[in-house]
Amino acid sequence: MKRLGVYICHCGGNISDYVDVEEVRKAVEHEEGVVLAKTTMFACSDSNQNDMVSDIKKHKLDGVVVASCSPKLHLVTFRNVTERGDLNKYTYVHANIREQASWAHSDDKQGATGKAIHLVKAAIAKSRYAEPLYPNQIEAEKTIAVIGAGIAGLKAAASISDKNINVILIEKENRVGGHAAELGDLFMSDEKGYDLVNRVYNDIVQRENVTILTGSEVISSKGSIGDFTLKIRKRPQNAGDPVETMEIKVGSMVVATGFESYIPKEGEFDYVVNENVIALPEFKLLVDKSTGDRLIYKGKTIKNIVYIYCVGSRQNEGGNTYCSRFCCTSVIHTSIEAKKKFKNIYNIHLNRGIRTYGKQELLYAESLKMGDIYLQFDQTTPPEITSNGKNSIVTVTDILSEGKKMSVEADLIVLVTGMVPRSDQSVGTMLKIPKGRDKFYNEVHIKLRPVETVIDGITIAGACQGPKNISESVNSALSAATKSFSYVSKGTLETEPIIAVINEDSCSWCGKCLEACPFDAIEKRNVNSREIAVVNSSVCKGCGMCAPVCPPDAINLIGYRNEEIISMIDVLA
Amino acid sequence: MTGNLKKSAKILVFSTEKISDPAIDMAGLLKLHYPPTVYTITIPCSSGIKPSWILHAFEKGFDGVFIAADGSDCVYGETCTEKTGNLVSAAHEQMKAKDIEPARLRMAAICSVCSEAFVKQIRSFNEYLIKTLHAQEL
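No experiment lies behind these values; they were computed from the predicted model shown.

Student: Where do I start with the sheet that holds strand β1 (residues 4–9) of chain A in this structure?
Tutor: Note: strands within a sheet are paired through backbone hydrogen bonds, in either parallel or antiparallel orientation. Residues and elements named next belong to chain A. If you trace the four strands from one edge of the open sheet to the other, you get β2-β1-β3-β4, paired in parallel fashion. Looking at the sheet topology across the chains shown, the edges are occupied by β2 (34–40) and β4 (92–96). Taken over all neighbouring pairs, the strand axes of this sheet differ in orientation by 15° on average, direction set aside. When β1 meets β2, the two strands line up parallel, connected through six bridges. In the strand pairing of β2, cysteine 9 is matched with threonine 40. Docked against the sheet, helix α1 (residues 21–28) engages β1, β2 and β3 (63–68), running at close to 180° with respect to β2. In this fold helix α3 (residues 71–84) packs onto β3 and β4, with an angle of close to 150° to the strand it touches most, β4.

Student: I keep staring at the confidence of the model for chain B and nothing clicks. Help me out?
Tutor: As a general rule, the predicted coordinates of low-pLDDT regions are not to be interpreted in detail. Residues and elements named next belong to chain B. Summing up the model confidence of chain B, the mean pLDDT is 91 and the portion of residues at 70 or higher is 93%. Averaged pLDDT values for the elements of chain B fall to 94 in helix α1 (residues 20–29) and rise to 98 in helix α2 (residues 51–59). Confidence drops under pLDDT 50 across residues 1–5; counting only partners more than four residues distant or on other chains, this segment forms two contacts. Here the complex is predicted with pTM 0.76, and the ipTM for its interfaces comes to 0.95.

Student: Please clarify how the pairing of β4 of chain A should be interpreted in this entry.
Tutor: Working note: regular strand, side chains alternate between the two faces of the sheet. Residue and element names in this part refer to chain A. Summarising burial for β4: five of the five residues are buried, a large majority. A two-sided burial pattern is seen for β4, the buried positions comprising Tyr92, His94 and Asn96 on one face and Val93 and Ala95 on the other. Where β3 meets β4, five bridges bridge the pair, whose relative direction is parallel. Residue valine 64 lies in a different strand from β4, and its bridge partner there is tyrosine 92. Note on the crossover from β3 through α3 to β4: the handedness is right-handed.

Procedures and definitions
- Residues numbered from 1 in each chain as written.
- Chains lettered and ligands numbered in written order.
- Predicted model: local features only at pLDDT ≥ 70, side-chain atom pairs only at ≥ 80, totals over all residues.
- Pairing = 2+ DSSP bridges.
- Helix = DSSP H or I, 4+ residues; strand = E, 2+ residues; numbered from the N terminus.
- Axes fitted to C-alpha atoms, helices over the stretch in contact; angles between N-to-C directions.
- Contact = placed C-beta atoms within 7 Å.
- pLDDT = per-residue confidence, 0-100.
- Buried ≥ 20, exposed ≤ 12 C-beta atoms within 10 Å, placed from the backbone.
- Right-handed = clockwise from strand over helix to strand, strands pointing away.

Encoded structure:
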């Protein structure tokens, strides 16, 4: 009989806040074959991994079950642990008691605990049948597609190109650079946004292993990691030109489709209805493009500028509840630029707490030193805009002055708007990239696998994943580029050794399995004077389509044999 | 005696590793609740489910079986939808032969981001099963 070790993870409190992990441990410790059942605060921690390796050797374990988060996150981690304990990694079985028990049933602790017990018992049942297996190797296309040529996409393309891999950079617009190309002065850099974009573009455009397709959209995707086929439609560049479509093969993809700026609704802080009210992107453009020693807007000299923070960010449930992170820094930076560039500028910042984290705090300090005024309001009492017939008056209740009401005459009111996900989500929908509660694309784990998606071979970079400033976008792009490179760098990929196997004694060739197989992996052979079906293991992809159609039930999929599935059903029932 | 009312039918879900599993996981992440007596067995492709497994689940006491199918997103090819449909039909026939109501087996395509669709399907299936199988307990 197999000797099994079972580990039940608290996941900090992500699991144990809703599932009684000790009760789970007690419920499974006497299951047949279980010689060790432990709870652990973090199963994935180095110390627990080391303990598992010691346990495997000390207790002469033949199989390991970890009940923790989704296998998407840590299946590979624990397979590697079993390998370090000198076990075949495919003897490891995972039970997902976080996404499918504690979180899914956080409204019912008893129910969640009961379900977790069943799931762990089912994993133990499967583990009794788990056998040593060895991975298959497949060819991986050594080309990577980068979708979106904003600053994240450009930098990802440059980074992949540096690694001597072919890159195809696909941009929907007719120009590269995205939002960064619209920016003037940048913080922590002597460059302007458009100069930065030009510098990176001019670098990669000359490289032989980079192909840039502007005015182009990915319209379909087929295949999987190592072997994606993308269909691309290129818009006519000149009137009368035909629409061009092409197919490319890539091994992995970086999705860097960026963000949109929040556009206030008509009437939100008088936006649109009051000509003195503009949003942050418009203000940045105004400051960058204006010349002379006075800031002029619609023919009027601007002196008093009132900034209203968190417009479209940190809203109540149902709205954009997240903080857009970049906007505090961006508006303070631009307000300083305005003050340096033009005469008699007075900045009044109506904020909900300044979030200029890290080095960006230097800007806040500089702004204070220059005499900018900061008043803090509560979300429940937002600033009000009225008119004195000539100018706009902004009234705010400053919570740092014991709720004192203050009014200021404003020549210009800047709504400090944040980032929202792109309204065109066609790329994400086509590639089936999950979205989070904020509707931006979701990574597997924000700390452990921050650029990977649940779709193997597809990474995300930049602000399509959530609000980021340029340096954060570039960091994530470099990370995504490296991860995507790692998928295809060897030219081969390891795939699961899951293939169909045929019981020769039960098979009496009928051909139904061959009809069902989409990969022609089954052939008729004469074995011991009998015609039977034989699986070509190098072609079989392990879908299992042949198994249900076999009249004598002679076909099983490795890892999903009848006895494994039936034993799991027995335990779960 | 509302405490004794059966609110959750026992449902076995066959989900697929690359397509519907991520959606079911994301339903958990988003705390989209569904009955805790819904258990998932993961397989590579929905067209690889054997009708005998489905029948076994009913024999063992499951109220319902739900196939979270790959649909047109199947990584193994576009024939998956048709083949999964065929195995569901075969299972329905076998269920009828054993006097098991075919409506206790449901199938819906659940894509990798279809968390809300999954939860909606499961809640509706649960309601149906409670009404039809456990009406006397209500």
